[in-house]
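Understanding the architecture of this molecule
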Amino acid sequence: MTGGFVDLFTPADTFLHRLDPRVKIIAVLLLSVLAFILSNLDSLLLLLGFIFLLLFLARATLSRTLFALKFVVRFMVLIVVLWPLFDPSGTPVLAELGPVKITEPAIWRGVTSAVRVGCLATVWYILMFTTSQRDLVRALVKLGLRFDYGLTLAISLRFLPTFGVLIESIKDAQRARGLELSKGGLVRRSKNYVAVLVPTIVSALRTADTLSLALQSRAYGARADRTYLRELSMRPADYVALTVLVALLVLPAVAKFLLHVQI
Amino acid sequence: MIPSIVSPLHEGKVITIRNLKYVYEGGVTALVEVSLDFKRGEYAAIVGGNGSGKTTLAKTLNGLLRPTSGQVLIEERDASQMTVAELAKTVGYAFQNPDHQLFCSSVEEEIRFGPQNLGYPEDEVRKNVDRAVEAMALGKLRAVAPLSLRLGERRRVSIASVIAMNPEVLILDEPSTGLDNEETEELMAKLKVLNDEGKTIILITHDMRLVADHAKRVIVLSQGRVLLDSDPRGAFSDLDLLRQSNLQPPAVTQLAHRLVERGIPKDIISPQELVFQVLRAGGIK
């Protein structure tokens, strides 16, 4: 119930779900770089279209996507609105009020930046949507992250929802003792939160303590050359996807930086 | 000692629940249709397996959860019109895990927290704290940091911190979890004193021995409905019904059920009774 929003992963059997998580991480990085290389609105819209196609192929439902990207959409609207107010360069000038000058190119620049943000957010959303946290960490470890750090990351992700529930329970427990969290001014409110914060930290430390014992009792760190139950292995399809993605980045990059084509 | 103020005027119902329904966000129905009354000075236990709705029911009594439909009256007042803090003056709720409550640097401060939040005047706060300290036998621990105490003591502190608000009704969520036999018995003896002084006690538990030994009324919940509402003797005589709610009667009752053919009655809830009945039947051959 509570905290379910933390993990965006939705199990399904699609091409994107089956793709090797390493390829997916690389893909997301490549597409993110691509979003910065492209500066034309048309090409960025094309990229956004491609990303939405991927989203569609991953069988993401509209309602879930909108829920996950709610804040990004608000952020995009904010960019479109604010950009022209702070960027007075270019002509034609559409409106002028004191020091504020609204120009047509500035509006387009705002829209372009908003689309770029949209591309970045959606592409990372696809990664989180199609890859379980365990696979993600597994891939990072395979890509060279130290296993300790990978495990730390996995545990942090795993415990986010748990702590969400814990904090709710602590809030309830203190409310039952007459604590009114939203009452009073800023100082009073922050003081009120001490009653929630202290039990949360204490419980977190106790959990960490227990967890470390549990890890030790399963011989964690006994051997440096640990083996893995599930090995990641690249299938032909993974290589094809990787090649396509690299081409997708290299071609526009060459066009822009070597041939000086405006894209 | 907490003086009992059971004047004829105060006698009668302290909690009235009518057609209570509760549906969690996401569509899980925790309570289907619950109607119950609690009289002042009762000692009741709400039992049921995990997910039977017992904690949900208890949380609607002090406003932590607001019913989807139906009504909860606390001392004749509609709970939906009252804040959690207002309700806390009448319905005290001690959570299962004391570590979710304790945050002060001394037991005394911890116990003061509730009555201070409710805005009681200083002399009344002091009086209530003294009573709560006495009721949970924490006199020697007043200046100690609560988090350095043993679990049994921490639970007593958390219960004292609720008693200090001087509520008419005391709800305890799984009070025996993590306590050994002796600690449990100690705690239950203290609760009995409170009950004798006129406080209404409601235990939420699946510890059937606790129920058999202490409660005078058992409310069995299953899938959000009241399956049974009777005294412990009656509640434990119907094994099938208990099974429906994922519950098992105390071991001694189960043994009595197996000895039915030898003339032992089914409604036995204490070892002493069983011994008595066995002796009366002339022993078991």
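Everything in this summary refers to the structure shown in the same document. A quick note: this is a predicted structure, and the numbers were derived from the prediction, not measured.

Cut-off values and rules
Residues numbered from 1 in each chain as written. Chains lettered and ligands numbered in written order. Predicted model: local features only at pLDDT ≥ 70, side-chain atom pairs only at ≥ 80, totals over all residues. Heavy atoms only, no water. Helix = DSSP H or I, 4+ residues; strand = E, 2+ residues; numbered from the N terminus. Rg over C-alpha atoms; globule rule 2.2 N^0.38 Å. Buried < 20%, exposed > 50% of the residue type's maximum accessible area, 1.4 Å probe, protein only. Areas by Shrake-Rupley, 256 points an atom, 1.4 Å probe, with all protein chains shown as cover. Pairing = 2+ DSSP bridges. Contact = heavy atoms within 4.5 Å. Axes fitted to C-alpha atoms, helices over the stretch in contact; angles between N-to-C directions. Buried area = accessible area lost by both parts, 1.4 Å probe. Salt bridge = Lys/Arg side-chain N within 4 Å of Asp/Glu carboxyl O. Polar contact = N/O pair within 3.5 Å; in protein donor to acceptor, adjacent residues only side chain to side chain. Parallel < 35°, antiparallel > 145°, perpendicular 65-115°, else oblique. Left-handed = near helix turned anticlockwise from the far one by under 90°. Nonpolar A, V, L, I, M, F, W, Y, C, P; charged D, E, K, R; others polar. Expected span 1.5 Å × (residues − 1). Arc of directions from axis to C-beta.

Helices and strands together make up the secondary structure of chain A, namely ten helices and two strands. Taken over the C-alpha trace, chain A has a radius of gyration of 24 Å; the compact-globule value for 263 residues is 18 Å, which it surpasses by more than 25%. Here the C-alpha coordinates of chain A stretch approximately 65 × 60 × 30 Å along the principal axes. Buried positions account for 35% of the 263 residues belonging to chain A. As displayed, chain A offers around 15,900 Å² of accessible surface, 70% of which is attributable to carbon and sulfur atoms.

Turning next to the sheet that holds strand 1 (residues 13–23) of chain B. Residues and elements named next belong to chain B. As summarised here, the arrangement of the four strands in space is 2-1-4-5, forming an open sheet in which the pairing is antiparallel. For this open sheet the edge positions go to strand 2 (29–39) and strand 5 (77–78), each flanked by a neighbour on one side alone. With five bridges joining them, strand 1 and strand 4 (residues 69–74) adopt antiparallel strand pairing. Following the sheet pairing, Thr 16 is matched in strand 4 by Leu 73. Across the sheet, helix 1 (residues 54–61) lies against strand 1, strand 2 and strand 4, angled at about 125° from strand 1, the strand it touches most.

What follows concerns the interface of chain A and chain B. Accessible area lost upon the coming together of the parts serves often as the stated size of an interface. Listed as interface residues are 20 residues of chain A and, on the opposing side, 26 residues of chain B. Here chain A and chain B share an interface that buries about 1,900 Å² over both sides, 59% of which is from carbon and sulfur atoms. Considering only the surface of chain A that becomes buried against chain B, Ala 176, Arg 177 and Arg 206 of chain A emerge as the three largest contributors, covering 35% of it. On the surface where chain A and chain B come into contact, there are three salt bridges. One can count seven residue pairs in polar contact (both at pLDDT 80 or more) joining chain A with chain B. Sorting the residues of the side of chain A that touches chain B by element identifies helix 8 (147–175) and helix 9 (186–217) of chain A as the ones contributing at least two each.

All names here are of chain A. Where helix 3 (residues 41–57) meets helix 6 (residues 104–130), the closest approach of the two axes is 9 Å, and the angle between their N-to-C directions is 25°. Judged by the angle between their axes, helix 3 and helix 6 are roughly parallel. For the crossing formed where helix 3 meets helix 6, the hand is left-handed. Residues Leu 41, Leu 44, Leu 45, Leu 47, Leu 48, Ile 51, Phe 52, Leu 54 and Leu 55 of helix 3 touch helix 6, and the partners they reach there are Trp 108, Val 111, Thr 112, Val 115, Arg 116, Gly 118, Cys 119, Thr 122, Val 123, Tyr 125 and Ile 126. Looking at side-chain class alone, the contact of helix 3 with helix 6 contains 16 nonpolar, three polar and one charged residues.

A word on helix 3 of chain A. Residues and elements named next belong to chain A. For helix 3, which comprises 17 residues, the first-to-last C-alpha distance of 24 Å matches the rise-based estimate of 24 Å (1.5 Å per residue) to within 8%. Taken together, the buried positions of helix 3 are Leu 41, Ser 43, Leu 44, Leu 47, Leu 48, Ile 51, Leu 54 and Leu 55. Take helix 3 and look down its axis: the buried residues cluster within an arc of 165°, on one side only. Turned more than 90 degrees off the buried face of helix 3, the exposed positions are Asp 42, Leu 46 and Phe 56. Contacts made by the buried residues of helix 3 are with helix 1 (15–18), helix 2 (21–37), helix 4 (62–68) and helix 6. At the C-terminal side of helix 3, Arg 59 shows a positive phi close to 60°.

Residue and element names in this part refer to chain B. Within the element layout of this structure, Arg 18 appears in strand 1. A sequence separation of 54 residues divides Arg 18 from Val 72, and the C-alpha atoms of the two residues are 6.4 Å apart. When sequence neighbours within four positions are dropped, the list of residues in contact with Arg 18 reads Lys 13, Val 34, Ser 35, Leu 36, Asp 37, Gly 70 and Gln 71.

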